[in-house]
Amino acid sequence: MLDWIGSQQAYMLERTIALAQINSGSFNVAGVNRVGQLLADEFAALGGRLETLPLAPFDTVGDDAVPLMRPVGQALRIRKHPEAPIQVFLGGHLDTVFAADHPFQSVRRLDENTLNGPGVADLKGGLMVMRTALAALERSELAGRIGWEVLLNPDEEIGSTSSAALIQEAASRCHFGMIYEPSFANGDLAGARKGSGNFALVAQGRAAHAGREHHLGRNAIRALCDAVAGIDALNACRDGVTFNPGFIQGGGAVNVVPDTAMARFNVRLAKPEDADWCLEQIAAVLAPIRARDGIRLSLHGGFTRPPKPLSAANIALFELAAACGAKLGLDLSWQPTGGCCDGNNLAAAGVPNIDTLGVRGGNIHSDQEYLLVDSLTERARLSALILQALAQGALDPRRLPGG
């Protein structure tokens, strides 16, 4: 099995490059669906039931402060051996953070072992790792002793709000999760993860001539800035919780009192109970500003990624992965991170999972994103050994803590 995976190195690299050369920014629906179709062809060779699933639009607020429903691409789901006693969820995403008009669109070799390109690590290389590990399992005598369900969603980089129900549905059927976000550059895995929420805040006031009737105006920019300053001041008020105002826009001609402005901010939290505290504090910041004459504030968005604590069941799965890695000469460990992914949602649904089984790489979400080429084979072998161990009963979900 491991030798066969080694023989697939050139093919995995070729297909990773092909996938990365297709722009699949989250709102580039045609590009996302094209990536999905190429992967449907790849996974079809494994057998199983393949479904292309349309999703509801992404509910957001535009930069002009107007509510907006943005279409997203289709999800791809493949299931095989649903009757097997152990069911494993394998997840990855089709989208990247690089929009169709982003300057970072090409793939290049930096050296013999380093590939630079949009999505090569996050997460297109991981998709080929996943597919190769499953192909190796299906070629082995263990095929059929373990069932698997693959979900490739089109909206992970914008919070997976449209695909959240599919993840929840899969969690009701699966005992373990394997997600193909990139590992750390040294191969370590992400352990505990923070939760996340994305919010938009819209301020509306009253326009007026800045010279003749300034007193009749109600300045939306001033109200918004006071709100953003109050929210930013919540930093350091609770352990593990951070607020990050990341975008602000409003106004126009400077001889007009601006009547509309909007801001976006992100919140990271360490514990599930932090979410209620955050919402209470935000409401307290906004209340006195909302009480001002002629000012309206509307808050949009919410928490889409619950925190992922390091449960005992997850530690058991990590230890199994480390034992499999040792067979390959890898010294794997896991470490907490402030980042979040679909592993957060899967864990919240009760499924222990490892969510950094993808390639080794780094500088993701930037034009310096890179993939270490030799990690394609390394990580596919690691996943194949984990699947093999689960098929052989290395972990009994009924006997796991909380199982």
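Residues numbered from 1 in each chain as written. Predicted model: local features only at pLDDT ≥ 70, side-chain atom pairs only at ≥ 80, totals over all residues. Heavy atoms only, no water.

### What about the sheet that holds strand β6 (residues 108-111)?
Thinking step 1. Taken in spatial order, the 4 strands of this open sheet run β6-β7-β20-β19, and their pairing is antiparallel. Here the strands that pair on one side only, and so sit at the sheet edges, are β6 and β19 (361-362).
Thinking step 2. Relative to strand β20 (residues 370-372), β19 runs antiparallel, the two being bridged by 2 bridges. Residue G361 lies in a different strand from β20, and its bridge partner there is L371.
Thinking step 3. Packing against the sheet, helix α4 (residues 120-139) makes contact with β7 (114-116), β19 and β20, and its axis sits at approximately 40° to β20. (Pairing = 2+ DSSP bridges. Helix = DSSP H or I, 4+ residues; strand = E, 2+ residues; numbered from the N terminus. Contact = heavy atoms within 4.5 Å. Axes fitted to C-alpha atoms, helices over the stretch in contact; angles between N-to-C directions.)

### Concerning the packing of helix α2 (residues 9-20) against helix α3 (residues 29-44)
Thinking step 1. Axis separation between α2 and α3 bottoms out at 10 Å; the angle between their running directions is 155°. On the basis of the axis angle, α2 is roughly antiparallel to α3. Between α2 and α3, the residues in contact are Y11, R15 and L19 and V35, L38, L39 and E42, respectively.
Thinking step 2. Here the contact of α2 with α3 is built from residues that sort into 5 nonpolar, no polar and 2 charged. (Parallel < 35°, antiparallel > 145°, perpendicular 65-115°, else oblique. Nonpolar A, V, L, I, M, F, W, Y, C, P; charged D, E, K, R; others polar.)

### Brief notes about the pairing of strand β15 (residues 260-269)
Thinking step 1. In terms of burial, β15 is a largely internal element, 7 of the 10 residues being buried.
Thinking step 2. The sheet contact formed by strand β11 (residues 195-204) and β15 spans 10 bridges and is antiparallel. When the sheet's bridge partners are listed, G197 is paired in β15 with V267. (Buried < 20%, exposed > 50% of the residue type's maximum accessible area, 1.4 Å probe, protein only.)

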